[in-house]
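# Descriptive structure summary
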2 protein chains.
Amino acid sequence: MVPRVLSAEVPAHVGERITIAGWVHRRRELKSVTFLVVRDRAGLAQVVLPAGPAPAEETVVRVQGLVVANDQAPGGAELTEAELTQLSGPACPPPFDLYRPTVNATLPTILDHAPTTLRHPLLRAGFEVAAASAAGFRTAMTAAGCTEIFTPKIVESATEGGANVFRLDYFGRHAYLAQSPQFYKQAMVGVFERVFEVGPVFRAEPHDTGRHLAQYASLDAELGFITDHFDVMPYCRDAVAGMADMVRERAEEAMRTLAATLPKVPAEIPHLHFTDAMAMISAATGEDVTGEADLAPAHERWLSDWAVREHGSELLFVTGYPLDSKPFYTHPDPNRPRYSNGFDLLFRGTEIVTGGQRLHRHEDYLAALAARGLDPAPFAGYLQVFRHGMPPHGGFAMGLERWTAQLTGAANVRQVTLFPRDLHRLSP
Amino acid sequence: MVPRVLSAEVPAHVGERITIAGWVHRRRELKSVTFLVVRDRAGLAQVVLPAGPAPAEETVVRVQGLVVANDQAPGGAELTEAELTQLSGPACPPPFDLYRPTVNATLPTILDHAPTTLRHPLLRAGFEVAAASAAGFRTAMTAAGCTEIFTPKIVESATEGGANVFRLDYFGRHAYLAQSPQFYKQAMVGVFERVFEVGPVFRAEPHDTGRHLAQYASLDAELGFITDHFDVMPYCRDAVAGMADMVRERAEEAMRTLAATLPKVPAEIPHLHFTDAMAMISAATGEDVTGEADLAPAHERWLSDWAVREHGSELLFVTGYPLDSKPFYTHPDPNRPRYSNGFDLLFRGTEIVTGGQRLHRHEDYLAALAARGLDPAPFAGYLQVFRHGMPPHGGFAMGLERWTAQLTGAANVRQVTLFPRDLHRLSP
């Protein structure tokens, strides 16, 4: 590789002749001199050239030059006596000026030209936060004794049920894209006791909202030998804390760029039963919601505000959602069988995690399917696992993009998804 | 969670009453006493029960008991005065006895019943090696300054070309499953300079071999601002070294179980040009292979043996494969344009990595497509990236399952794939 100094290190080389390389971030052709700002993965560096035409913005260049101190330049130094080599281009103009501090483009324009528009520091930053978050999740789950698994994304039947499943031609047979690794992570509790996976899941979401995607990165964990969901929640807490820690460690600058702040993750995240939450909301708003089966978005926001007020926590567990609103594999609360041993984690007004205890006895699965009027035949492979001894277990799943959006204040989850897929969007 | 001692820690509790939990690995009902061996994620523990029937193998149990020293028991201690609780079951017998040291089952039986059969220590071990390898890859690539990316697995057109692509109904439109993240990782070099991804890729492989799968975990990296492929190879070397290091750190016991050994990864892996390799093979075997476009499996084995003999290395780079045998995005060798700036990494007789320098100029892509008689229209999104300034770049990709198979000596890649997908297999 050409010996190359990254922009951030240029000021340390005052008096030396060095080589930098990157994209022309901005050119300014003045009467007596041309300034070139070169962008690389570490930041910006200024180059002084003799007056004359300079390569267009986004052209890739290598510049050899003498580093001199200059308080006006980024980092307090610039390259003079420069020799410039064009490595590609000349480049076409991007859909908006990437050198301006703000992004002057609509979301569709940004997404249509993502390979170019994501070069803008404000747009790039979200993905640095996402990358650090995924690493933090893995670190926390590995520390908890989980084994990483890689499960099939092409499956014979839809585990989560429902219509939002993509159908595939699999060597002349029908198959589906996995809506979640639910079946596989549960099965692998029988092998490793504790597992996690970071991988894509697919939902043929007919809803065109700022929260739903046809593909997202799912952070999944599953743990055996629990008593109930209250044994799972501390691991979910540790996952979120680990993610926040890794963002602090690896993406602090990106968070600053986005003017985003990390939550303080309490040692124990406060929790509230669904029925108590509904009673509180009813009392506070005067609207009786105690008969509802799920939290509306406005309720999630109200509860998040309440948790900040009462507990100083931006995170809140809501437990015991009605069993009817949960998938068939959900374990009921033994004392109140209409409610589940499930939980959601709310963060800044939105649910970011769903988890809970699962059924683990073969006969309980048969009963649960029958109670919902579901044919057990398509679940034969799933059910088979529970004939061979499965411990009480539970787990949780979190969408990386939704977490990143909440953390960075992105209004639409597409802003923090590299190349989003939805009802209308299949490219780039 | 029920306070629980893992099997490996039982010997440290002699004289105490503790609780363990796990699967009945083996029961032996003698005349005066029943022995139960309980398996958990840390190993085995022996329990002594009064004579009488005990739960069947694979039943999940919790056992409270007094730990006493016994040289005959695993770890030198066992639980006596035991109270046993059955957490699920009784379990059905697994398709073969999991407690026997060897696996008495065919591969199809193992795969049909994977959630149960993978509980056997010999079968489980490979996945522990795979998990550690993936973690090692990420650690090495992060240390190299790469940003992790998560790219779409549903795409508009087949990047790698060819017929081995799965077709999908995407909200009433045709779409495909990604054969590789090639386009996206290249595009993201324009944003982050250096990126990596660990994710599934999909190949509708019509070949029913021990090396091919319809889905595998691809370890991908791509780096900008290189001179040529020789700047990429050291990062590929570091990836493999990082994987070996992490396997040593996290999966040493699994490697011992499999009687597998780690390669010594030289500071610089030896390399050989394709034409020199072919000349050597021709000279050594008497068969003229200098006109061949690719290495046959026998040639890969011959070259691996040669590298061990000549360089004491189980790893060997072969560079400069004929351009015709490589995808259209491959950069030619400027001095010998019939050959590529590409490389493969051979490990123990098999290619485990493919990599190289890519084209980075828009006009070069148009010329390369024209030279192969390919219509540029389906590649419009891909080509667009190169109009906006892309640096010289290159990268590599490695199949996690193939690496794990080579490392652990598995004859078939399906043995180290949790739930393999192939021409015939879509479940479990």
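All values derive from a computational prediction rather than experimental measurement. (Residues numbered from 1 in each chain as written. Chains lettered and ligands numbered in written order. Predicted model: local features only at pLDDT ≥ 70, side-chain atom pairs only at ≥ 80, totals over all residues.)

## What about the overall build of chain A?
This is how the line gets drawn: A run of DSSP states H or I qualifies as a helix once it reaches four residues; a run of E qualifies as a strand once it reaches two. Both are numbered from the N-terminal end. To assign burial, the other C-beta atoms lying within 10 Å of each residue's own C-beta are counted, with C-beta atoms placed from the backbone; 20 or more indicates buried, 12 or fewer indicates exposed, and intermediate counts indicate partly exposed. Think of it this way: build a C-beta for each residue from its backbone, and any pair within 7 Å is a contact.
What chain A contains, in helices and strands, is 11 helices and 18 strands. Each of the 428 residues in chain A was classed as buried or not, and the buried ones make up 51%. Here the analysis covers contacts within chain A between residues at least 6 apart in sequence; of these, 62% occur between residues at least 24 apart.

## Structural notes on unusual backbone geometry
The omega torsion across A:Ser427 and A:Pro428 is 0 degrees, close enough to zero to call that bond cis. Take A:Pro428: it is sitting in the segment after helix H11 (400-408). Look at A:Arg348: it is not a glycine, yet its phi comes out positive at around 50 degrees. Mapped onto the fold, A:Arg348 is located in the loop between strand E16 (342-347) and strand E17 (350-358). Phi at B:Phe171 takes a positive value of approximately 50 degrees, unusual for a residue other than glycine.

## A short note on the interface of chain A and chain B
For clarity, the cut-off: Residues are grouped as follows: Ala, Val, Leu, Ile, Met, Phe, Trp, Tyr, Cys and Pro are nonpolar; Asp, Glu, Lys and Arg are charged; every other residue, Gly included, is polar.
Taken together, the 77 residues of chain A in the interface contact 77 residues of chain B. Among the residues making up the side of chain A that touches chain B, the classes are represented as 43 nonpolar, 15 polar and 19 charged.

## Some remarks on the packing of helix H3 (residues 121-143) of chain A against helix H5 (residues 233-250) of chain A
All names here are of chain A. Heads up, the rule is: Angles here are taken between N-to-C directions and fall from 0 to 180 degrees, while the axes themselves are lines fitted to C-alpha atoms, restricted in helices to the stretch in contact. Working rule for angles: under 35 degrees goes down as roughly parallel, over 145 as roughly antiparallel, 65 to 115 as roughly perpendicular, anything else as oblique. The hand of a helix crossing depends on one turn: near helix anticlockwise from the far one by less than a right angle means left-handed, and clockwise means right-handed.
Between H3 and H5, whose axes approach to 7 Å, the crossing angle comes to 135 degrees. Comparing the axis directions of H3 and H5 gives the class oblique. When you trace H3 past H5, the crossing you get is right-handed. On the side of H3, the interface is formed by Val129, Ala132, Ser133, Ala135, Gly136, Phe137, Thr139, Ala140 and Met141, while H5 contributes Asp238, Ala239, Gly242, Met243, Asp245, Met246, Val247 and Arg250. Class assignment for the residues of the contact of H3 with H5 results in 10 nonpolar, 4 polar and 3 charged.

## Description of the pairing of strand E1 (residues 17-29) of chain A
All names here are of chain A. Our working definition: Strand pairing requires that DSSP identify at least two bridges connecting the strands.
The pairing of E1 with strand E4 (residues 60-69) spans 7 bridges and is classified as antiparallel. Each bridged residue has a counterpart across the sheet, and for Trp23 the counterpart in E4 is Val60. Both E1 and strand E2 (residues 33-40) contribute to a ladder of 6 bridges, which runs antiparallel. The residue of E2 that forms the bridge with Arg26 is Val37. Connecting E1 to the next strand, E2, in antiparallel fashion are 3 residues.

## Remarks on the relation of the copies chain A and chain B
Put simply, the rule reads: The least-squares superposition of copies is restricted to C-alpha atoms, and to residues with a pLDDT of at least 70 in both copies.
Least-squares fitting of chain A to chain B yields an RMSD of 0.0 Å, with the transformation described by 0.0 Å of translation along the axis and a rotation of 180 degrees. Classification of the inter-copy transformation places it as that of a two-fold axis. For chain A, the minimum C-alpha distance to the rotation axis belongs to A:Leu168 and amounts to 2.3 Å. Residue by residue, 100% of the interface of chain A is reproduced at the interface of chain B, so both copies engage with the same surface.

## Thoughts on helix H11 (residues 400-408) of chain B
All names here are of chain B. Within H11, 9 of the 9 residues are buried, leaving the element largely enclosed by the surrounding structure. Along H11, the residues that are buried comprise Leu400, Glu401, Arg402, Trp403, Thr404, Ala405, Gln406, Leu407 and Thr408. The elements touched by buried residues of H11 are helix H3 (121-143), strand E11 (215-224), strand E16 (342-347), strand E17 (350-358) and strand E18 (393-399). Backbone geometry just downstream of H11 places Gly409 in the positive-phi region, at approximately 75 degrees.

## Some words on the sheet that holds strand E3 (residues 43-50) of chain A
Residue and element names in this part refer to chain A. A barrel is described by the order of its strands in space; here 5 strands give the closed sequence E1-E2-E3-E5-E4, paired in mixed fashion. In this sheet, neighbouring strand axes are inclined to one another by 55 degrees on average, regardless of whether the strands run parallel or antiparallel. Of the pairings in the sheet, the one linking E3 to strand E5 (residues 77-86) comprises 2 bridges and is parallel in character. Opposite Val47, over in E5, you have Leu79 as the bridge partner.

## Section: the pairing of E17(A)
All names here are of chain A. Counting buried positions along E17 yields 7 of 9 residues, so the element is predominantly enclosed. Two strands pair when backbone bridges link them, and E16 and E17 are joined in this way by 6 bridges, in the antiparallel orientation. Each residue of the ladder has a partner; that of Phe343, found in E17, is Gly355. Between E16 and E17, which follow one another and run antiparallel, lie 2 residues, and Arg348 among them has a positive phi close to 50 degrees. One ladder, built from 6 bridges, connects E17 with strand E18 (residues 393-399); its direction is antiparallel. By the bridge assignment for E18, Arg358 is matched with His393.

## Things to note about the domain arrangement of chain A
Here is the rule: Domain borders in the structure are assigned automatically or taken from a domain database.
In terms of domains, chain A is made up of domain 1 (7-86) and domain 2 (115-416). Once you take the C-alpha centre of each, domain 1 of chain A and domain 2 of chain A turn out to be 47 Å apart.

## Some remarks on the environment of A:Ala134
With respect to the element layout, A:Ala134 can be found in helix H3. A:Ala134 sits in the buried class, given 22 other C-beta atoms within 10 Å. It is 40 Å that separates the C-alpha atoms of A:Ala134 and A:Glu287, two residues lying 153 residues apart in sequence. Ignoring any residue separated from it by four or fewer positions in sequence, one finds A:Ala134 in contact with A:Val198, A:Leu400 and B:Glu148.

## Points about helix H7 (residues 274-285) of chain B
All names here are of chain B. To keep it simple, the criterion reads: Helices are assigned an expected span. That span is 1.5 Å times one less than the residue count. Summarising the geometry, the arc corresponds to the directions from the helix axis toward the C-beta atoms.
For H7, which comprises 12 residues, the first-to-last C-alpha distance of 16 Å matches the rise-based estimate of 16 Å (1.5 Å per residue) to within 8%. What H7 keeps buried is the set Phe274, Ala277, Met278 and Ile281. Buried residues along H7 cover an arc of 95 degrees about the axis, so they all sit on one side. Considering only its buried residues, H7 is in contact with strand E12 (271-273), helix H8 (297-311), strand E13 (315-319) and strand E15 (336-340). Positive phi appears at Gly286, one or two residues downstream of H7, with a value of about 80 degrees.

## What about the confidence of the model for chain A?
The criterion, for reference: Think of pLDDT as the predictor's per-residue confidence, scored from 0 to 100.
Per-residue pLDDT for chain A averages 95, and the proportion of residues at 70 or more is 99%. Per the prediction output, this complex has pTM 0.97; the corresponding ipTM is 0.96.

## Points about the sheet that holds strand E3 (residues 43-50) of chain B
Taken together, 5 strands build a closed barrel; the order of strands is E1-E2-E3-E5-E4 (chain B) and the barrel is mixed. Looking at each pair of strands side by side, their axes are set apart by 55 degrees on average, direction ignored.

## Notes on the environment of A:Pro392
By secondary structure assignment, the location of A:Pro392 is in the loop between helix H10 (380-385) and E18. Linking A:Pro392 and A:Pro101, residues 291 residues apart in sequence, is a C-alpha distance of 53 Å. In contact with A:Pro392, not counting residues within four places along its chain, are A:Phe225, A:Ile226, A:Thr227, A:Gln357, A:His360 and B:Leu87.

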